[in-house]
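# Summary of the model geometry
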Amino acid sequence: MGYEEIEHTADWALRVWALNLPELLSEAARGMNALAGVKLNTANRALRPIHLTAPDAESLLVAFLSELLYLAEQENLAFDSFDLTIDAKTQDGLQLDGVLHGASIAEISKAIKAVTFHNLHIQKTPDGLEATVVFDV
Amino acid sequence: MELKHLRKISDYEWEIPQSYRHDMRASVRIFATRRLLEQIADDQSLEQAVNATTLPGVVSPVVVMPDMHQGYGFPIGGVAATAYPHGVISPGAIGYDINCGVRLLASSIEYEAALPYLDTLATLLNAYCPSGVGSEGVVRVQVEELNKILRVGARWALKRGYATEEDLERTEEGGKLEDADPSQVSERAKQRGREQIGSLGAGNHFIEVDVVEQIFYPEAAQAMGLQEGCLAVQIHCGSRGLGHQICTDYVQSFQHAVHKYGIHLPDRELVCAPMDSPEGKAYMAAMRAAANFAFANRQLLAHSARRAFEETFASRFKKEWRLRQVYDIAHNMGKLETHAREGQRLRVCVHRKGATRAFGPGSPELPAEYQDIGQPVLVPGSMGTASWVLVGTEASMERSWGSTCHGAGRVLSRAKAKKQVRGERLREELEAHGVKVRAGSMSGLAEEAPQAYKDVDMVVETVTHAGIARKVARLRPVAVIKG
């Protein structure tokens, strides 16, 4: 499980890998926080429930990270721990339910405008799943 | 892409023929020198331009400007026209920062006389023009008021005393795109916009005070109010979180639309819908609302810049401090336009992403004072380097869908720029060269260092030699405000 920044001329790209889809989403969120230079106020922890549906895994990843960007901008919250379950057998495709654990943002150095679908493919690897996410900054 | 696949038309113009890849529906026309092409050969710019030719209804050619660089889905510096009404509109071919653009204001204050007060001016501009990550704007509006802004754009600012009639006349589309519909904008987007109207944001957005260093086309400069040796102000920003959210919403919903309409694309970020479909109409109405928000946003920032100029200079300079608008132009937009092609008049949606509209002389869209010279084109350089004022030409109408370049264009990734440049050191160097700097983040400053960009002069030489723009004036920065 991990992430690394990779070269992209104009924007930011992040390679993420994990054992399964919930962990891949969690790790991508941590990577996004690192790219944006997010530092949390450790004193007051906060929880937020989350519920999302998406037609496929890539769309779910984009929707999940976009939700976190929205919460960062509107509620000044960022999250570093995630309890996520994903049901793959709904009529809408994939359904994510869970709880985000985090705190208010003490410092953020970079604005991420959006999470893109550019060349986004969640691929199976011998160790689990891997994807490269490009962010518009 | 290997450059051997390109057909040379001239030293400044190249083509990727439609035969290059089986799924291309159009050729690609590239305005670049060989040297500029070599700079971008290692990234995905040209492949992304080829991908753009697969959009259903695209009309040949897809055009790429010399400041091109790799984007996501569609290259930065790209222009694609799709036939109206059955062709598609693609949110990713316009970008997340809908109507990101540049406004230029000119004064009659001579640089030498202003020099002792530039520190004060930079501090006041920084104070009155909110910038930085998630910055909130100079006014906070309720949803009803925001809906008015989304419908009428900069016209809203006129009614509130933040604009003049001349400002609107000298703004693309008069600062208001027709047929914008706030009901097609999500509540989330509105929530983000409500708090950010009148703010600069972060990233590559800036306010810059320049001195008009050299004039190349005196008649045009006079019409624009640009005087050699005098101060001018550039404002570069867009539709903030509201535009980002609209693009995010529609790129997600169009993932379904492409299946519904049987559209096959090489990159999901290019998702699109026919303009005459319910999905296409909804996006166009929302995109126009975001564009109107951006026009109003730059208008409020111009108002704040005028306040800073007045407080710094009004007691020392009689009328010279007044900032008159030169022009306001978008470089991320989708617009319905009529273009002549092979003797026919075509109604097309011109997607410009990191490319500037550049209408030639006589275009009915231009105000009376610009009818003879063509539309002003504002080309900001990288921080600390020159910027340019150009005008559109007859050739830009004929060969590039009435478009030209939009800036210097990145050549280094942000990560590499941060490794090579330290923000504090860069600020010291800029200050040593007479550029006052106010920046919210030193790492953000480093990412936007001049070394991260192509040579803007080379970009401008390319478009002017190719004939798709004409030089009017070169501007030199003397103060930069960045988020």
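This text gives an overview of the structure that appears in the document. Owing to the predicted nature of the structure, the values given are computational and were not obtained by experimental measurement. (Residues numbered from 1 in each chain as written. Chains lettered and ligands numbered in written order. Predicted model: local features only at pLDDT ≥ 70, side-chain atom pairs only at ≥ 80, totals over all residues.)

Helix and strand counts for chain A stand at two helices and eight strands. At 14 Å, chain A has a C-alpha radius of gyration in line with the 14 Å of a compact globule built from 137 residues. Buried positions account for 48% of the 137 residues belonging to chain A. For chain A, the share of sequence-separated contacts (at least 6 apart) that also reach a separation of at least 24 residues comes to 67%. (Helix = DSSP H or I, 4+ residues; strand = E, 2+ residues; numbered from the N terminus. Rg over C-alpha atoms; globule rule 2.2 N^0.38 Å. Buried ≥ 20, exposed ≤ 12 C-beta atoms within 10 Å, placed from the backbone. Contact = placed C-beta atoms within 7 Å.)

Turning to the overall build of chain B, a few remarks are in order. Summing up its helical and strand segments, chain B has 16 helices and 19 strands in all. The C-alpha extent of chain B, read off along each of the three principal axes, is 65 × 50 × 45 Å. A buried classification covers 63% of the 483 residues belonging to chain B. Across chain B, contacts joining residues at least 24 apart in sequence account for 78% of those joining residues at least 6 apart.

All names here are of chain A. Taken together, three strands build an open sheet; the order of strands is β3-β5-β4 and the sheet is antiparallel. The open sheet terminates on both sides in strands that have one partner only, identified here as β3 (39-54) and β4 (77-90). Here the strands of the sheet are splayed against their neighbours by 10° on average, with no regard to which way each runs. Pairing analysis gives twelve bridges linking β3 to strand β5 (residues 93-107), with the strands arranged antiparallel. What sits directly across from A54, in β5, is L94. (Pairing = 2+ DSSP bridges. Axes fitted to C-alpha atoms, helices over the stretch in contact; angles between N-to-C directions.)

Turning our attention to the packing of helix α5 (residues 143-152) of chain B against helix α11 (residues 278-313) of chain B. Residues and elements named next belong to chain B. Packing of α5 against α11 brings their axes to within 6 Å, and their N-to-C directions diverge by 100°. The pairing of α5 with α11 is recorded here as roughly perpendicular in orientation. Contacts from I149, L150, R151 and V152 in α5 reach A289, N292, F293 and A296 in α11. Residues of the contact of α5 with α11, tallied by class, amount to six nonpolar, one polar and one charged. (Parallel < 35°, antiparallel > 145°, perpendicular 65-115°, else oblique. Nonpolar A, V, L, I, M, F, W, Y, C, P; charged D, E, K, R; others polar.)

Another aspect to go through is the interface of chain B and chain A. Reports often express the size of an interface as the amount of accessible area lost when the parts come together. Between chain B and chain A, the contact holds 35 residues from the first and 29 residues from the second. If you list the elements that add at least two residues to the side of chain B that touches chain A, you get β4 (58-72), α8 (187-196), α10 (240-260), α13 (414-420) and α15 (442-447) of chain B. Of all the elements, α10 of chain B adds the most residues to the side of chain B that touches chain A, at eight residues. Looking at the side of chain B that touches chain A residue by residue, the classes come out as eight nonpolar, 18 polar and nine charged.

Residues and elements named next belong to chain B. Burial of strand β18 (residues 436-439) is two-sided: the residues K436 and R438 facing one way and the residues V437 and A439 facing the other way are all buried. Across four bridges, the pairing between β18 and strand β19 (residues 470-482) is parallel. Each bridged residue has a counterpart across the sheet, and for R438 the counterpart in β19 is I481.

One finds A28 and V133 of chain A together with A305 of chain B to be the most contacted residues of the largest nonpolar core, which totals 218 residues. Here A305 of chain B is in contact with L105, L125, C129, I207, V233, I235 and L323 of chain B, once residues within four sequence places are set aside. (Core = buried A, V, L, I, M, F, W, Y, C linked by C-beta atoms within 7 Å.)

What follows concerns unusual backbone geometry. For the bond from S60 of chain B to P61 of chain B, the omega torsion is -5°, close enough to zero to count as cis. With respect to the element layout, P61 of chain B can be found in strand β4. Residues Y84 of chain B and P85 of chain B are joined by a peptide bond in cis, for which omega reads 10°. Relative to the helices and strands, P85 of chain B resides in the loop between β5 (74-83) and β6 (88-89). You will see that N76 of chain A, though not glycine, has its phi angle at about 55°, which is positive.

This part covers the environment of H351 of chain B. Residues and elements named next belong to chain B. Within the secondary structure, H351 is located in strand β13 (residues 344-353). On the neighbour-count criterion, H351 (30 C-beta atoms within 10 Å) is buried. Those residues in contact with H351, other than ones at most four positions away along the chain, are V79, A80, S90, A93, I94 and G334.

Residue and element names in this part refer to chain B. The mixed open sheet is built from seven strands, whose spatial order is β1-β2-β3-β4-β5-β13-β12. What marks the edges here is a single partner per strand, and that holds for β1 (7-10) and β12 (332-341). The sheet shows a mean angle of 25° between the axes of neighbouring strands, taken without regard to direction. Of the strands in this sheet, β2 (13-16), β3 (28-31) and β4 touch helix α16 (residues 456-466), which is tilted by about 160° from β4.

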